Amino acid sequence: MTDDQAVVFEARGVSKAYGTVRALTSVDLAVRAGQITCLLGDNGAGKSSLIKVLSGVTAPDGGTLAVDGEPVRFADPRDALDRGIATVFQDLAMVPALPVYRNFFMGHEPVRGRGPLARFDKRKARAITEEQLASIGIRLTDPERPISTLSGGERQSVAVARAVYFGARVLLLDEPTSALGVRQAETVLRYAVRAKRQGVGVVLITHNAHHAWAVGDRFVVLKRGAVAIDAAASDITLDELVRHMAGGEEVTQMRRDLREIL
Ligand SMILES: Nc1ncnc2c1ncn2[C@@H]1O[C@H](COP(=O)(O)OP(=O)(O)OP(=O)(O)O)[C@@H](O)[C@H]1O
Ligand SMILES: [Mg+2]
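Conventions we followed
Residues numbered from 1 in each chain as written. Chains lettered and ligands numbered in written order. Predicted model: local features only at pLDDT ≥ 70, side-chain atom pairs only at ≥ 80, totals over all residues. Heavy atoms only, no water. Helix = DSSP H or I, 4+ residues; strand = E, 2+ residues; numbered from the N terminus. Contact = heavy atoms within 4.5 Å. Core = buried A, V, L, I, M, F, W, Y, C linked by side-chain atoms within 4.5 Å. Buried < 20%, exposed > 50% of the residue type's maximum accessible area, 1.4 Å probe, protein only. Near = heavy atom within 4 Å. Polar contact = N/O pair within 3.5 Å; in protein donor to acceptor, adjacent residues only side chain to side chain. Areas by Shrake-Rupley, 256 points an atom, 1.4 Å probe, with all protein chains shown as cover. Nonpolar A, V, L, I, M, F, W, Y, C, P; charged D, E, K, R; others polar. Phe/Tyr/Trp six-rings, centres within 6.5 Å; stacked < 30°, edge-to-face > 60°. Salt bridge = Lys/Arg side-chain N within 4 Å of Asp/Glu carboxyl O. Axes fitted to C-alpha atoms, helices over the stretch in contact; angles between N-to-C directions. Parallel < 35°, antiparallel > 145°, perpendicular 65-115°, else oblique.

Re the environment of proline 77
Looking at where proline 77 falls in the secondary structure, it is placed in helix α2 (residues 77-82). Separated by 22 residues in sequence, proline 77 and serine 55 place their C-alpha atoms 5.5 Å apart. Aside from chain neighbours lying at most four places away, what touches proline 77 is Ser55, Gly56 and Val57.

Some thoughts on the nonpolar core
By size, the foremost hydrophobic cluster in this structure holds 45 residues, and its most contacted members are Ile36, Leu40, Val158, Leu171, Leu173 and Val202. A total of 6 residues in this core trace back to one element, the largest contributor, which is helix α5 (residues 152-165). Residues contacting leucine 171, with those up to four places away along its chain left out, are Ala86, Val88, Val160, Ala163, Val164, Ala195, Val200, Gly201, Val202 and Val203. Core analysis: the next-biggest nonpolar cluster, separate from the first, contains 26 residues, Val8, Leu50, Ile51 and Phe74 among them.

With respect to the site of ligand 1
Taken together, 13 residues form the shell around ligand 1, and within it Asn43, Gly44, Lys47, Ser48 and Ser49 come nearest. Contacts to ligand 1 include asparagine 43, whose side-chain N or O atom sits 2.8 Å from an oxygen atom. In this structure, an oxygen atom belonging to ligand 1 sits 2.9 Å away from a main-chain N or O atom of serine 48. Contact with the protein chains removes 61% of the 630 Å² of surface that ligand 1 exposes when unbound. Within the residue set of the shell around ligand 1, elements represented by two or more residues are β2 (21-32) and α1 (47-54). Among the elements that line the shell around ligand 1, the one with the most residues is α1, at 3 residues. Here the residues of the shell around ligand 1 sort into 4 nonpolar, 6 polar and 3 charged.

With respect to α1
Across the 8 residues of α1, 6 count as buried, placing the element largely inside the fold. Buried within α1 are the following residues: Lys47, Ser49, Leu50, Ile51, Val53 and Leu54. Count one or two residues on from α1 and you reach glycine 56, which has phi positive near 85°.

What to know about the packing of aromatic side chains
Throughout the structure, instances matching the rule amount to 9 aromatic pairs. With centroids separated by 6.3 Å and ring planes inclined at 15°, the aromatic side chains of tyrosine 101 and phenylalanine 120 adopt a geometry described as stacked. In this pair, tyrosine 101 is assigned in helix α3 (residues 100-104) and phenylalanine 120 in strand β8 (residues 119-120), connecting sequence segments 19 residues apart. Given a relative accessible area of 4%, tyrosine 101 falls into the buried group. Ring centres 6.2 Å apart and planes at 75° place the aromatic pair phenylalanine 105 and tyrosine 165 in the edge-to-face group.

With respect to the pattern of salt bridges
All told, the structure shown has 10 salt bridges when counted by the stated rule. Between glutamate 10 and arginine 12 there is a salt bridge, with the nearest N and O atoms lying 3.2 Å from each other. A salt bridge links aspartate 82 to arginine 78; the nearest nitrogen and oxygen atoms lie 3.5 Å apart. Taken together, the residues aspartate 82 and arginine 78, both in helix α2 and 4 residues apart, mark about one turn of the helix. Among the residues examined, arginine 78 registers a relative accessible area of 46% and is labelled partly exposed.

Considerations on the packing of α5 against helix α6 (residues 182-197)
Put simply, α5 and α6 touch, their axes get as near as 8 Å, and they point 10° apart. In terms of axis orientation, α5 runs roughly parallel to α6. For the pair α5 and α6, contact is made by Gly152, Gly153, Glu154, Gln156, Ser157, Val160, Ala161 and Val164 and by Gln184, Thr187, Val188, Tyr191 and Ala195, respectively. Per-class residue counts for the contact of α5 with α6 are 6 nonpolar, 6 polar and 1 charged.

Without other data, these values stay purely geometric and don't point to any function.
In structure tokens form, the structure reads like this:
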């Protein structure tokens, strides 16, 4: 249904090895504008390795990346960002002691005045941050509140809001909900959906099939570094997804084994 959306970012045949460990073997992934593609898979399946390649943190050993169909090579994450590929890593690159608006505008500081008189436009930064946060349901009574005092979910949401505000076309989210409670995870997911509605192509990594199911347009499951499933939401059921992800039979076997022991 949504497969006719434009592919904005694509990995073709991407491989990556760390020494003798083959983390990725010829992986294809298409990121479409206005879609959430969920990247799933067990521990060690290669999800983070793929995100690192897509975000310019590491170079692939083989394969290519393309933005709008044009082959690209990223020297570093800044390079990827310049092409509109923004990443929210789990360990958010923020300065804990600084106020939220300072973190929001880090690297994009608005200035007032020119030349030697130019200075950080605090009022503008505060107003925009306040407005953007209000739109995701975060209200700060004290604008000088350091970002470290926000909850994990709120910080993730700020990172997403920030990427979208500064014009990301593709948003890569590496397990944004893994450390969060139900309500906080919902906030982050809601914001991913909002980004999608604005036409952003979102890649959401998660261990949680239910989170994926709630928001995903497409599901890609990695197994031992290769794509095991690539299916549109309309072509797969939650049951199938869970089974493929968790290695359904292995879970059943583990349950049997544990019951015998206990
Ligand atoms: N820097 C590294 N050096 C050596 N091996 C690595 C490195 N990074 C990842 N690997 C290995 O590559 C494989 C894929 O790891 P990766 O982190 O991509 O998995 P993942 O799907 O993100 O897992 P998780 O769900 O646990 O985060 C694993 O076997 C891992 O041990
Ligand atoms: Mg990982």
